[in-house]
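# Summary of the model geometry
Take a look at the letters that make up each chain.
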Amino acid sequence: MDKRPSLFESAQAQLDEVASMLHLEPGIHAILREPMRELHVSIPVKMDDGEVKVFKGFRVQYNDALGPCKGGLRFHPDETIDTVRALAAWMTWKCAVIDAPFGGSKGGVICNPKEMSSGELERLSRGYIDAVWQFIGPNRDIPAPDVYTNPQIMAWMMDEYSKLKGYYVPEVITGKPIAVGGSVGRSGATARGGVYTLVEAAKHLDIDLSAATVAVQGYGNVGSNAAILIHDMLGSKIIAVSDSKGGIYNKQGFDPHKASQYKAETGSVINFPEAGNISNDDLLELGVTILCPSALENVITKENAPRIKAKIVAALANGPITPEADELLNHNGVFVIPDFLCNAGGVTVSYFEWVQCLDKYYWDEEEVHHRLSRSMRRAFQAVLGESLKRKVSMRLAAYIVAVARVAEAMRLRGWA
Ligand code: NAD
């Protein structure tokens, strides 16, 4: 029998560790160990061949002590309620650590969008909203894109919700296209937020970023935007990047704009003319100043952690470092910017999008970047302060800051 903890059991174990450090009251701890509400739905969709297929969907509202729940929606063939619960818990901590007035939630539909036509995807997206619309809402739970969902899907969902309500409700969902109430600066926000935390980390460690070398694993939305911003804003040298097919490496550095263009033309960064090829595993172990895991979960483990030579690991992906590896990195003096702090720029600009939709007044890009910078720097300093005060890793410190904020709100509201 498989005894490994499920993803949600791991999320509960992480909470248990922090609860004991914070001496949380048993009642508050017990409430925080479970989702407050969850909805399981069956969504009938008429497929292009005329058959009706029924898809399973979920929405989990983990905790709303700090405000309406906020969390993405995944369309994935391997989606499970366990994963959605874990991601909803992590959204609760992510919103709390950046001090956004939101609880955490997550949603998912078991489907393979790569095998569906655009019409089928639209009917599934509208069907999901038909099934959950009374459970969500601008003051209850605000979805956003996540794995295999995108701004177009958000636009269909917002439209369906608006039809059901009888009026235009752009504030029900974030990550929408700009023409239907999206925010400028949303698409690059996760990477940009991560770069702001990197600047703070370098200041703390007294590292000159203009002389830094950088390796980025994953060259999608987050990884390619991060490489370009680090290169353009900070003047660091990008020496290696990768995608699912492999990586490229040139110790003299290369232009990440050209690598992006090359990937857009060929489908991968490999064989980029200005660099040699390197494996994804070797990229992680390069002697760089900054390593940005920006692809998948569990890529830095207790096996390879002792060989990581970077001074700073900026965890832009969700869950790229296992908890054991995190301890090893911390012990070896590698400074880790933990994932739910490092990649919180996306939900921060989602928060700005919700505010702009409610106000019916839209900001320019400069304003979005300025406010994002302020939020990320503030969150970083709160976590760093806790890490120095308690002499714990940045990951544990981020949990402590987040869980303490949620627990305080629960206490004040008289929940336990
Ligand atoms: P994406 O699909 O745009 O890009 C993923 C990239 O990873 C692609 O370049 C892909 O080729 C690469 N990849 C896949 N398998 C790989 C492997 N085995 N080795 C190396 N590279 C591999 O996704 P994204 O939106 O950039 O998200 C990346 C990570 O960031 C995910 O963990 C996601 O959950 C997290 N994240 C994204 C956002 C956001 O706003 N997009 C916000 C928070 C967290």
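Refer to the preceding data block for the structure.
Residues numbered from 1 in each chain as written. Predicted model: local features only at pLDDT ≥ 70, side-chain atom pairs only at ≥ 80, totals over all residues. Heavy atoms only, no water.

### So, the packing of helix α1 (residues 7–22) against helix α14 (residues 394–412)
Packing of α1 against α14 brings their axes to within 10 Å, and their N-to-C directions diverge by 75°. When the interaxial angle is binned, α1 and α14 end up roughly perpendicular. Across the interface between the two elements, Q14, L15, E17, V18, M21 and L22 of α1 pack against R395, L396, Y399, I400, V403 and A404 of α14. In terms of residue class, the contact of α1 with α14 is built from nine nonpolar, one polar and two charged. (Axes fitted to C-alpha atoms, helices over the stretch in contact; angles between N-to-C directions. Helix = DSSP H or I, 4+ residues; strand = E, 2+ residues; numbered from the N terminus. Parallel < 35°, antiparallel > 145°, perpendicular 65-115°, else oblique. Contact = heavy atoms within 4.5 Å. Nonpolar A, V, L, I, M, F, W, Y, C, P; charged D, E, K, R; others polar.)

### Considerations on the sheet that holds strand β8 (residues 246–249)
The strands that make up a sheet pair up through hydrogen bonds in the backbone, lying either parallel or antiparallel. Read from one edge of the open sheet, seven strands run β9-β8-β7-β6-β10-β11-β12, paired in mixed fashion. Lying at the two open borders of the sheet, with one neighbouring strand each, are β9 (276–278) and β12 (335–337). This sheet shows a mean twist of 20° between the axes of neighbouring strands, independent of strand direction. Relative to strand β7 (residues 237–243), strand β6 (residues 213–217) runs parallel, the two sharing five bridges. The residue of β7 that forms the bridge with A215 is A240. (Pairing = 2+ DSSP bridges.)

### A few points about the site of the ligand
In the vicinity of the ligand, 20 residues are found, and the nearest of them are T190, N221, V222, S244 and N318. In the model, an oxygen atom of the ligand is placed 2.6 Å from a nitrogen or oxygen of the T190 side chain. Here G220 contributes a backbone N or O atom positioned 3.1 Å from an oxygen atom of the ligand. Against a free-state accessible area of 830 Å², the protein chains account for coverage of 71% of the ligand. Here the shell around the ligand is built from residues that sort into six nonpolar, ten polar and four charged. (Near = heavy atom within 4 Å. Polar contact = N/O pair within 3.5 Å; in protein donor to acceptor, adjacent residues only side chain to side chain. Areas by Shrake-Rupley, 256 points an atom, 1.4 Å probe, with all protein chains shown as cover.)

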